[in-house]
Every structure is written in C-alpha cells, then in structure tokens.
Amino acid sequence: MSEAKTTTISSARDLESRFGFDEGEVSLHIDDGRGTLPRVVLGHDGARAEVYLHGAHVTAYEPADQREVLFIGRSARYEPGKAIRGGIPICFPWFGSRAADPYAPSHGLARTKDWKLGGVGRVDGGVEAMFETRIEKLDVRYRVNLGSTFRVTLEATNIGDEATIVETAMHSYFAVGDIREGVAIEGLNGRTYLDQLQGRARVVEEAEALFFEAETDRVYLDTANRHVIIDPLYQRRLIVETEGCPSTVVWNPWIEKTMRMGDVEDDEWPKFVCLETGAIADDELSVEPGGVCRFSTCIEAVDLER
Ligand code: TA6
C-alpha cells in the first residue's frame, strides 16, 4: 500500500495543535499571518517574536522593554516566491548573484522556500522554534530563540558526495529613528570592505564609527564577532554578536535606489539600516561531504547611557 503523501505545508491550525503551548510568560503559537501564511509567534517574559514558515523569515522581535527592533516595509509582500521585505531574510546558499548561474534568484533559495516546523521547546532559558528544509545537497536547520536576547542560528549539513561552496547572510533590517540623525555602526574600523557600489573595489575602513550620508552597500571581510548600532533618536544601542560569521554587510538604499524598489515606500529608507552577518566572497566556506557549517547571530537592544 503506498504511503499517504504527507503535505509539506501544514496548516496553521494543524501546527498549532501539534506544537503550540502556553505557559503564561512563555508561549509559542502558530496562526495565519499576513497573506494567510503560517506564522510562529514566540512569547517570553513580555518579549515577542514572529517567524513565518515562508523563508523561515523572522518578521518581528520586540523586547519587553524596547520598541520593535526589526523594520518591516509597509508594502512587504507575503506571497509564494517573493522574499518578505524586512525582518531577517536568510540569504543562502549564496549571497547576491550566483556566479555559476546568472538566472539564479538574488540571495539564494532559502528565503523563498516553504520550511517545515521541525520542533519547539525551552532552550538556553528561552523559547525556541526549529525550522528545517533541504536546499540542493544541504540539509538546513534554522533555530530561532527568544529569551533575554534574540538569537538565530543556521546550520547546514552537506549530504552530497562532493564538497559544496556556501555563502550566507542573516540579512537583518534594524529599525532606527532616522538613519541621517546620528545612527552609527561601531566595530568595523580597520577592516577591508568590498564596495558594492564601486564594482566591489577593496577599501580599508578607517572610521572609528560608520555614519550614513548616502546609499551604502559594503561587504566587510574577516570582521570581529561584535557590532553595535547606535541610535540617538531611539536612545538605544543594538548589540549584534555572532559565531561563525566572518562577513558583515552594511546597507541602506537611500533615496534613488528606494524609488526603484517596488516593496519599499519612498519615505521608508531613513527608518532602517541593514547589518547582515554571515560568510561572503573571500569568507565563503567549502563544506566537505558530511560536513556541517554553522552561523549564529544574537541581537540585544539596550538603552543608551543617559
Ligand atoms: O544588503 C546588500 C544587498 O545585496 C544590496 O545590494 C541590496 O540588493 C539588498 O541586498 C537587497 O537585496 P534584495 O534581493 O532583497 O532586494
């Protein structure tokens, strides 16, 4: 007798019955989010986060004592085949265009796939949802953990019989008051970056802190594992700590590029800065058969010292 073919896209109600739980201060529920796409909503001691199964895409992280940390565009699209604009899109297993295939989608396949919810639980003092999928010859797991901080971890195993090259970036859109008003990124001075606006010319960052006065699109290489976004208007620092992420991308489209983007409104570009963490270009990884690569990013929002 042939096995009934299990659908890979379970309904929110089915997932809620299998995985949902509520222990008061700690909870995990699955509902129909925007575009009636299944969405996992995590709660922990007053903090809240959202992840869509579409792309295993984090669309919200709101700490208990801070405003929303992530930016989502008002015109973001929640539909199959489209990447949601904002939150934390997963760029994997390549970043930007694919050298071997000019027709390949920008930033890889992960962010437009329907992932499975593989498990949930209490992990490291937080509440965690684990998502999983297969991409080419890679078994991929993505863990989203909401606790006193917010951590996302991507892990991929090469199940093929040849080594495979992997690039990745957790393409985080951080919400800021106004990128023109003193927003600065610390932790990149002395590093070499590829200037994506100048044909990936190599430049050494000489500024102690990076401020923004125009479109900025840079891939910093061999970076440290801690970066800080200073936001004077929102009176906070966003601390980003990583494991296994030697590359850091800094991006804001500014005025002209925003006008060419169909899912970012003309007035939205001052409200976010992308600080993306992963392994890109010179930092790409070769994963041997049976090998595992792992990339982790932890986000914390704290008040600026008065
Ligand atoms: O963030 C770096 C970048 O590669 C930029 O060049 C810009 O293209 C951005 O990603 C957004 O890409 P997307 O494919 O999501 O529109």
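First, a word on what this report is: a plain description of the structure on this page. (Residues numbered from 1 in each chain as written. Predicted model: local features only at pLDDT ≥ 70, side-chain atom pairs only at ≥ 80, totals over all residues. Heavy atoms only, no water.)

1. Comments concerning the sheet that holds strand β7 (residues 116-123)
Stage number 1. With antiparallel pairing, the nine strands of this open sheet are ordered in space as β7-β8-β9-β10-β24-β20-β19-β14-β17. A single partner strand is all that each edge strand has here, and the edge strands are β7 and β17 (209-210). (Pairing = 2+ DSSP bridges. Helix = DSSP H or I, 4+ residues; strand = E, 2+ residues; numbered from the N terminus.)

2. Details of the site of the ligand
Stage number 1. Taken together, Arg85, Phe95, Ser106, His107, Arg111, His171, Gln196, Asp217, Val249, Trp251, Lys257 and Glu276 make up the full set of residues near the ligand.
Stage number 2. Within the side chain of Arg111, one N or O atom sits 2.8 Å away from an oxygen atom of the ligand.
Stage number 3. With respect to the ligand, the side chain of Glu276 contributes an N or O atom lying 2.6 Å from an oxygen atom.
Stage number 4. Surface burial for the ligand is 82%, taken as the share of its 390 Å² of free accessible area covered by protein chains.
Stage number 5. Grouping the amino acids of the shell around the ligand by side-chain chemistry returns three nonpolar, four polar and five charged. (Near = heavy atom within 4 Å. Polar contact = N/O pair within 3.5 Å; in protein donor to acceptor, adjacent residues only side chain to side chain. Areas by Shrake-Rupley, 256 points an atom, 1.4 Å probe, with all protein chains shown as cover. Nonpolar A, V, L, I, M, F, W, Y, C, P; charged D, E, K, R; others polar.)

3. Comments concerning unusual backbone geometry
Stage number 1. The amide bond that connects Phe92 to the next residue, Pro93, takes the cis arrangement and shows omega of 0°.
Stage number 2. Residue placement: Pro93 occurs in the loop between β6 (90-91) and β7.
Stage number 3. For Thr36, which is not glycine, the phi dihedral falls at a positive 45°.
Stage number 4. Residue position: Thr36 is located in the loop between β2 (26-32) and β3 (38-44).
Stage number 5. Of note, Ala56 is a non-glycine position whose phi angle comes to about 45°, a positive value.
Stage number 6. Here Ala56 shows up in the loop between β4 (47-52) and β5 (57-62).
Stage number 7. With relative accessibility at 0%, the residue Ala56 sits in the buried group. (Buried < 20%, exposed > 50% of the residue type's maximum accessible area, 1.4 Å probe, protein only.)

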